[in-house]
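Observations on chain architecture
Read off the chains here:
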Amino acid sequence: MEQRSERNFGQVINTWVQTVGILIAAGWAAYTFLYKEILVPRTAPVNISVNLQLKKIGPGGSQMGNKENPLIAVEMQVSATNPSTRPVHLLSSAWIAWGLVVSDSNSSLSAEAANFVINSHKGWGIQRYSKFNTEIVAVGSLFSDSVLKPNETVMRTQMIYVPAEIYDSIEVASVMPTVVRTGAIELEWRLNEKDQRLDPILYRVNAKNNKTELKQKPDDGYSDEESGLQMAHSSSQVSLWEFSDSSTAMRASRTSVRAGPR
């Protein structure tokens, strides 16, 4: 009887050890799954990359026979990629194009001006022998997509048409705002004609659908940690110069455009 009791007790202990081992293994598997599939993706950084390229195409098409006012076509190719492991939700994206007219200059390039431009963090530049006047020639929305899945890329091509004898170059800038949680942020774009730019107006939306405007930070940026708000910027510029004997005469007949900051 004593040996039988010892065997029964040993079997009970062995059963409990096996059960505990199974529970520990199941708990570890569940933790590993939750950690890899849920916790890590939720905390992974989101970094949308936008690539914008410009290419001069024209003159051509129906404007070939219009010698008084031929048009030049500029092809804009833009793509956005989500390299992260999380889906990214797209707010309304936008692009704006300026026509630039360059004129001769022989002003001094002071260290004070150079230091200001370099440390502005705005992508500005100054040149000693040229200055630029700009005006808006086109604006638009980038993509109609509302979400980018992990490792997904969206692309589009847009044509911009401008007179052949007015501008020396075309510059385009794009902005793609993204969030990781939908419904918390709303965005509207406003064309600022005075400063020749597009201004984003952002609102934080609560559960009762009440809106509170997000204030711009001193560095011209916006932040909202709850929604994971980010803005991806991209810009490109293409020359419209023609390398021919008639190029000098064409540039000399250009009409002037008003100056303005971008």
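Scope of this entry: the structure provided in the associated data block. Along every chain, residues carry numbers that run from 1 in the direction the sequence is written. Reporting in this predicted model follows two pLDDT cut-offs: at least 70 for local features of residues, and 80 or more for side-chain atom pairs to be given and counted; totals over whole chains, interfaces and linings ignore these cut-offs and use all residues. Side-chain calculation: all heavy atoms of the structure are included, whereas hydrogens and water are not.

The next thing to look at is unusual backbone geometry. The phi dihedral of Asn-151 falls on the positive side, at around 65°, and the residue is not glycine. Helical segments are the DSSP runs of H or I of at least four residues, strand segments are the runs of E of at least two, and each set is numbered from the N terminus. Relative to the helices and strands, Asn-151 is located in the loop between strand S6 (147–148) and strand S7 (153–163). The residue Gln-196 is not glycine, and still its phi comes out positive at about 55°. Among the secondary structure elements, Gln-196 is positioned in the loop between strand S9 (185–192) and strand S10 (197–205). Burial classification: accessible surface area is computed with a 1.4 Å probe over protein chains only, and a residue below 20% of its type maximum counts as buried, one above 50% as exposed, and the rest as partly exposed. Here Gln-196 falls in the buried class, since its relative accessible area comes to 0%.

Whenever Lys or Arg places a side-chain nitrogen within 4 Å of a carboxyl oxygen from Asp or Glu, that contact is recorded as a salt bridge. Tallied over the entire structure, the rule returns four salt bridges. Here Asp-195 makes a salt bridge to Arg-197, at a shortest N to O gap of 3.9 Å. The class of Asp-195 is partly exposed, set by a relative accessible area of 24%. By sharing partners, the salt bridges in this structure join Asp-195, Arg-197 and Asp-199 into a single network.

Turning next to the pairing of strand S2 (residues 71–81). Of all eleven residues in S2, eight are buried; the element is thus mostly enclosed. Strands are labelled as partners when DSSP assigns at least two bridges between them. Of the pairings in the sheet, the one linking strand S1 (residues 49–56) to S2 comprises eight bridges and is antiparallel in character. Looking at the pairing, Lys-55 lines up with Glu-75 of S2. Both S2 and S7 contribute to a ladder of eleven bridges, which runs antiparallel. Bridge pairing in S7 links Met-76 to Gln-158.

In this description, a pair of aromatic rings is defined by centroid distance and the angle of the planes. Paired rings are identified among Phe, Tyr and Trp, the last through its six-membered ring, by centres lying within 6.5 Å, and are further divided according to the angle between planes into stacked (under 30 degrees), edge-to-face (over 60) and tilted (the rest). In total, this model carries zero aromatic pairs according to the counting rule given. Over the aromatic face of Tyr-203 sits the side chain of Lys-211, whose NZ or CZ is 5.8 Å from the ring centroid. In this analysis the charged atom, NZ for Lys or CZ for Arg, is taken to sit over a ring once it is within 6 Å of the ring centre and within 35 degrees of the ring normal.

Turning our eyes to something else, we now look at the sheet that holds strand S11 (residues 211–213). Here we have three strands laid out as an open sheet, ordered S9-S10-S11, and antiparallel in their pairing. Sheet topology places S9 and S11 at the edges, where each strand pairs with a single neighbour. With strand direction ignored, the average angle separating the axes of adjacent strands in the sheet is 30°. Fitting a line to C-alpha atoms yields each axis, with helices limited to the stretch in contact; the angle taken between N-to-C directions then spans 0 to 180 degrees.

Next up on the list: the nonpolar core. We call a set of buried residues a nonpolar core when its members are Ala, Val, Leu, Ile, Met, Phe, Trp, Tyr or Cys and they connect through side-chain atoms within 4.5 Å of each other. The biggest cluster of nonpolar side chains holds 30 residues, and the ones touching the most others in it are Ile-48, Val-74, Ala-80, Trp-95, Ile-160, Val-172 and Met-176. Taken together, the elements giving at least two residues each to this core come down to S1, S2, strand S3 (88–90), strand S4 (94–104), S7, strand S8 (169–179) and strand S12 (230–239). Here this core takes five residues from S2, the largest share from any one element. Any pair of residues with heavy atoms lying within 4.5 Å of one another is described as a contacting pair. Once you skip the residues sitting within four places of it in the chain, Met-176 turns out to touch Ile-48, Val-50, Ala-80, Leu-90, Ser-93, Phe-143, Gln-230, Met-231 and Ala-232. Listed in part, the eight residues of the second largest apolar core include Leu-91, Val-179, Ala-184 and Ile-185.

Take the pairing of S4 next. Of all eleven residues making up S4, nine are buried, and the element is well covered by its neighbours. Both S4 and strand S5 (residues 130–141) contribute to a ladder of eleven bridges, which runs antiparallel. From the neighbouring strand, Trp-98 faces S5, where its bridge partner is Ile-136. Of the strand pairs in this sheet, S4 and S8 are connected by seven bridges, and their pairing is antiparallel.

Keep in mind these values describe shape, not function.
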